[in-house]
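Each chain, written out:
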Amino acid sequence: MALPLRFDGRVVLVTGAGGGLGQAYALAFAKRGASVVVNDLGGDHRGIGKGSSAADKVVAEIRRKGGKAVANYDSVEAGEKIVKTALDAFGRIDIVVNNAGILRDRTFGRISDEDWDIIHRVHLRGSFQVTRAAWDHMKKQNFGRIIMTSSASGIYGNFGQANYSAAKLGLLGLANTLAIEGKKSNIHCNTVAPTAGSRLTQNILPGDLLETMKPDYVAPLVLWLCHESCEENGGLFEVGGGWIGKLRWERTLGACVRQKNQPMTPEAVKANWQKICDFDNASKPQRIQESVGNIIGALSQIESDGGISTNDTSHVASTATSGFARAIGYKLPPFSSTYTELEAIMYALGVGASPKDPEDLKFIYEGSSDFSCLPTFGVIIAQKSIMGGGLAELPGLSINFAKVLHGEQYLELYKPLPRAGKLRCEGVVADILDKGSGLVILVDVYSYAESELICYNQFSVFLVGSGGTGGKRTSDKVKAAVAIPNRPPDAVLTDTTSLNQAALYRLSGDWNPLHVDPNFASLAGFDKPILHGLCTFGFSARHILRQFADTDVSRFKAIKVRFVKPVYPGQTLQTEMWKEGNRIHFQTKIQETGDIVISNAYVDLVPTSGVLAKTPSEGGKLQSTLIFEEIGRRLKTVGHEMVKKVSGVFEWHITKGGNIGAKWTIDLKNDSGKVYQGPAKGSADTTFILSDEDFMEVVLGKLDPQKAFFSGRLKARGNIMLSQKLQMILKEHARL
Ligand code: NAI
């Protein structure tokens, strides 16, 4: 049998507890161990007069039965004083039941200002005053339970009770917001709309019903809602005679009656009236975000198709079945992504590459001899396909962008990404699946450098709530996620994201305010801005490259992830990895909570033996090869003299198409000098990095090396002064 619900150690304040429902609550709480403040002003049912006997009588009864209680005779408008009574007597306040109430029934035209005001002061302002006085104590102790007392008169309206109805529904509005604001401090706020025989209802309810509608048949609901084990928050309940029901809002699918670039007219409202009021397939919105989301959805719909149609993604379901065929195979507008080392570095910083890890330097310093673009930057190049509004154009599907989630991601590279360049991206809707709870749109994006395919992305975009069309659930086009092995991970790497992580990552192109604007994040239902899923993806891929591929980007072949949960900037990402041949399975967790945020994921690596074939062949087809060979020949005669004049070793990294095509060393320090292919044996005094084309321009005298240096086309590190001397050699000995 379940244990009885107890309130030992809890301090409960019940307002208007001198009679009726309040008395029943006070007695019930005391019986189950609570210390109770019995508040009652002691006036009549119209709010006239006052006295202490009502509260005293209830306190006496509780004490007689062995319980703990004190009386308070203030009006609820003096909330601070009432809460002080609790603190003085029992040292804390855990539960507030706002129950005190009066009536001033009049038909609307006869309501006086006083009748209006006193009802609002006692019910609405009184509940506000008492609750506010208790609020900070509850927050500090990270526990609180609050009850607001509404009424069927407020919910449905009742003849002769306009003032009372307005105040009673006002209490529901107050409770709705307290439920949201209190949630993170474990303060729950619920509302009851009771029916019970009391002095308030003795002239309203028929006599026999009064008898059966005992306040005792309401109290158990209030006790349960106030118990520490009850998770209910923000609920509204009708209760009476032992029956309890919960209420919620319902909303029709509605209709969008405005057309792009057209004035909105009352005629359009009239024409759509039936649809606006049709509760078939109605939704049950629970949060303001769903309301805002619907409006944003309507706006994007007006922008995209300009048509008059229903205003909800559920209508996608009804139009989608026939629309699927047209959308599948649809080619998204092609575009080009141009980037330089700056974007590649910004991305690397965004996914946590840092100078604190020496192996990351090549991702964040363009002067590194092996500067590389992180492979997962490939997703940034292609993401414009789905972010640039391409999805808004899909034939047969109208998408509510407020309900779009990034479900999964696949990325495959056919060669390492160039360190800078221009890639042309072509996207196509590969397939559309119906998962019941939503539709999944598979968007394949191919990125080319001229005609060479560099990478391929598959974005899985989930449209929440628009499934159930009876469409197919699977497709051979899917790059499937794969379950992790059933054993402890072979390796685990962690990285703590910085509080700036999302703000930094978004500079790479995902500008959604959800990741930076606290107001926007709270509208979307988050406590604060969240990290981009693709940022976590970048962290994990970096971990795998480091752990299993020596941070060698040419070993990266493909990655697949499923996004499960959001991460907040500042949390620690923990990548758990399992090696199975060339496939590294992984999942990513938030270390602080243990929550899995990326699941069923893997990275495929190029086997070590295949790497050489993938990297550009050393020196092949480079024009600079001829020059170096020529310098080498000429040094044979003048080398001795040059070594005396220069005394330096120069290493050259000649790039082609963004990658290092060849390394050369001109040694003018040892013996009589020599030129050879490959890095310096021993150490270089100065290292130069520049493209094959720029090298030719320099030696042909068309490009001034100093200008090339300051414009970033030529990079030099080490002893820069020595490079002055080298210029002399190039002038004298590199002319062909
Ligand atoms: P009741 O009249 O028996 O109890 C209300 C108590 O509040 C009284 O003891 C009264 O002295 C006290 N009170 C009035 N003004 C006060 C003030 N300014 N400060 C402190 N105490 C004050 O009435 P009942 O039926 O027990 O009502 C309790 C609550 O339930 C009220 O808020 C009422 O509006 C609400 N309600 C009751 C229904 C019913 O069927 N009994 C129906 C719907 C709502």
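Residues numbered from 1 in each chain as written. Predicted model: local features only at pLDDT ≥ 70, side-chain atom pairs only at ≥ 80, totals over all residues. Heavy atoms only, no water.

S.K.: What is the right way to read the overall build of the protein from this model?
M.R.: A count of helical and extended segments in the protein gives 24 helices and 23 strands. A compact globule built from 736 residues would reach a C-alpha radius of gyration of about 27 Å, whereas the protein, at 36 Å, exceeds it by more than 25%. With respect to the principal axes defined by its C-alpha atoms, the protein has extents near 120 × 60 × 50 Å. Residue burial in the protein is summarised as follows: out of 736 residues, 51% are buried. Within the protein, counting contacts between residues at least 6 apart in sequence, those at least 24 apart form 71% of the total. Approximately 33,800 Å² of the protein is accessible, and the part contributed by carbon and sulfur atoms is 54%. Counting 85 positive and 75 negative side-chain charges, the protein places the centres of these two groups 1 Å from one another. (Helix = DSSP H or I, 4+ residues; strand = E, 2+ residues; numbered from the N terminus. Rg over C-alpha atoms; globule rule 2.2 N^0.38 Å. Buried < 20%, exposed > 50% of the residue type's maximum accessible area, 1.4 Å probe, protein only. Contact = heavy atoms within 4.5 Å. Areas by Shrake-Rupley, 256 points an atom, 1.4 Å probe, with all protein chains shown as cover. Lys, Arg positive; Asp, Glu negative; His and termini not counted. Charge placed at Lys NZ, Arg CZ, Asp CG, Glu CD.)

S.K.: Honestly, the site of the ligand in this entry has me stumped. Any pointers?
M.R.: The full set close to the ligand counts 30 residues, and Leu-21, Asp-40, Asn-99, Tyr-164 and Ser-198 are the nearest of them. Asp-40 is positioned such that a nitrogen or oxygen atom in its side chain is 2.5 Å from an oxygen atom of the ligand. Take Tyr-164: an N or O atom from its side chain is 2.6 Å from an oxygen atom of the ligand. Protein chains bury 95% of the 820 Å² of accessible surface belonging to the ligand in isolation. Elements with a contribution of two residues or more to the shell around the ligand: α1 (20–31), α4 (113–141), α6 (162–182) and β6 (187–195). In terms of residue class, the shell around the ligand is built from 10 nonpolar, 16 polar and 4 charged. (Near = heavy atom within 4 Å. Polar contact = N/O pair within 3.5 Å; in protein donor to acceptor, adjacent residues only side chain to side chain. Nonpolar A, V, L, I, M, F, W, Y, C, P; charged D, E, K, R; others polar.)

S.K.: What am I meant to see in the pattern of salt bridges here?
M.R.: Close approach of charged atoms lets side chains of opposite charge pair. Counted according to the given criterion, the structure contains 37 salt bridges. Between Arg-546 and Asp-357 there is a salt bridge; the shortest N-O distance is 3.3 Å. In this pair, Arg-546 sits in helix α19 (residues 533–549) while Asp-357 sits in the loop between α13 (341–350) and α14 (361–364), placing the two residues 189 residues apart along the sequence. Residue classification places Arg-546 among the partly exposed residues on the basis of a relative accessible area of 21%. For Asp-357, a relative accessible area of 14% corresponds to the buried category. Notably, a salt bridge pairs Arg-713 with Glu-697, separated by 3.8 Å at the nearest N-O pair. Residue Arg-713 is located in the loop between α23 (705–710) and β23 (715–718), and its partner Glu-697 is located in helix α22 (residues 692–699); the two are separated by 16 residues in the primary sequence. Here Arg-713 falls in the partly exposed class, since its relative accessible area comes to 39%. What emerges from the salt-bridge pattern is a single network uniting Lys-356, Asp-357, Glu-359, Asp-360, Asp-495, Arg-542 and Arg-546. (Salt bridge = Lys/Arg side-chain N within 4 Å of Asp/Glu carboxyl O.)

S.K.: Which parts of the structure should I look at to understand the sheet that holds strand β19 (residues 648–656)?
M.R.: By way of backbone hydrogen bonds, the strands of a sheet pair with one another, either parallel or antiparallel. Sheet architecture is open: 5 strands sit in the order β21-β20-β19-β22-β23, paired in mixed fashion. Looking at the sheet topology across the chains shown, the edges are occupied by β21 (674–677) and β23. In this sheet, adjacent strand axes meet at a mean angle of 20° when their direction is disregarded. Bridge count between β19 and strand β22 (residues 686–691): 6 bridges; the pairing is parallel. (Pairing = 2+ DSSP bridges. Axes fitted to C-alpha atoms, helices over the stretch in contact; angles between N-to-C directions.)

S.K.: Just to check I follow, could you spell out the sheet that holds strand β4 (residues 95–97) for this structure?
M.R.: Sheet architecture is open: 8 strands sit in the order β3-β2-β1-β4-β5-β6-β7-β8, paired in mixed fashion. Strand pairing shows two members of the sheet lacking a second neighbour, β3 (68–72) and β8 (243–247), which therefore form its edges. Taken over all neighbouring pairs, the strand axes of this sheet differ in orientation by 20° on average, direction set aside. When strand β1 (residues 11–14) meets strand β2 (residues 35–39), the two strands line up parallel, connected through 4 bridges. When the sheet's bridge partners are listed, Val-11 is paired in β2 with Ser-35.

S.K.: I'm lost on the nonpolar core in this one. Help?
M.R.: Soluble, globular proteins show a tendency: their nonpolar side chains are buried together. Core analysis: the biggest nonpolar cluster contains 71 residues, and Leu-417, Ile-441, Ile-559 and Phe-586 have the highest contact counts within it. Ranked by residue count, the leading element in this core is α19, at 9 residues. One finds Phe-7, Val-12, Ala-26 and Val-97 within the second-largest nonpolar core, a separate group that totals 33 residues. (Core = buried A, V, L, I, M, F, W, Y, C linked by side-chain atoms within 4.5 Å.)

S.K.: Just to check I follow, could you spell out the layout of surface pockets for this structure?
M.R.: Rolled over the atoms, a probe sized like a water molecule indicates the empty space that remains. Roughly 1,500 Å³ of volume is contained in the second largest pocket. Lining the second largest pocket are 32 residues, and of these Asn-176, Ile-180, Gln-286, Arg-287 and Ile-288 lie nearest its centre. If you list the elements that add at least two residues to the lining of the second largest pocket, you get α5 (152–156), α6, β8, α11 (288–305) and α18 (518–523). In terms of residue count, the dominant contributor to the lining of the second largest pocket is α6 (8 residues). Classifying every residue of the lining of the second largest pocket gives 13 nonpolar, 11 polar and 8 charged. (1 Å grid on protein atoms, 1.4 Å probe; cavity = no way out; pocket = protein on both sides within 12 Å on 5 of 7 lines; lining within 4 Å. Points joined across faces, edges and corners; volume = space filled by probe spheres on them.)

As far as function goes, none of this settles anything; it's purely spatial.
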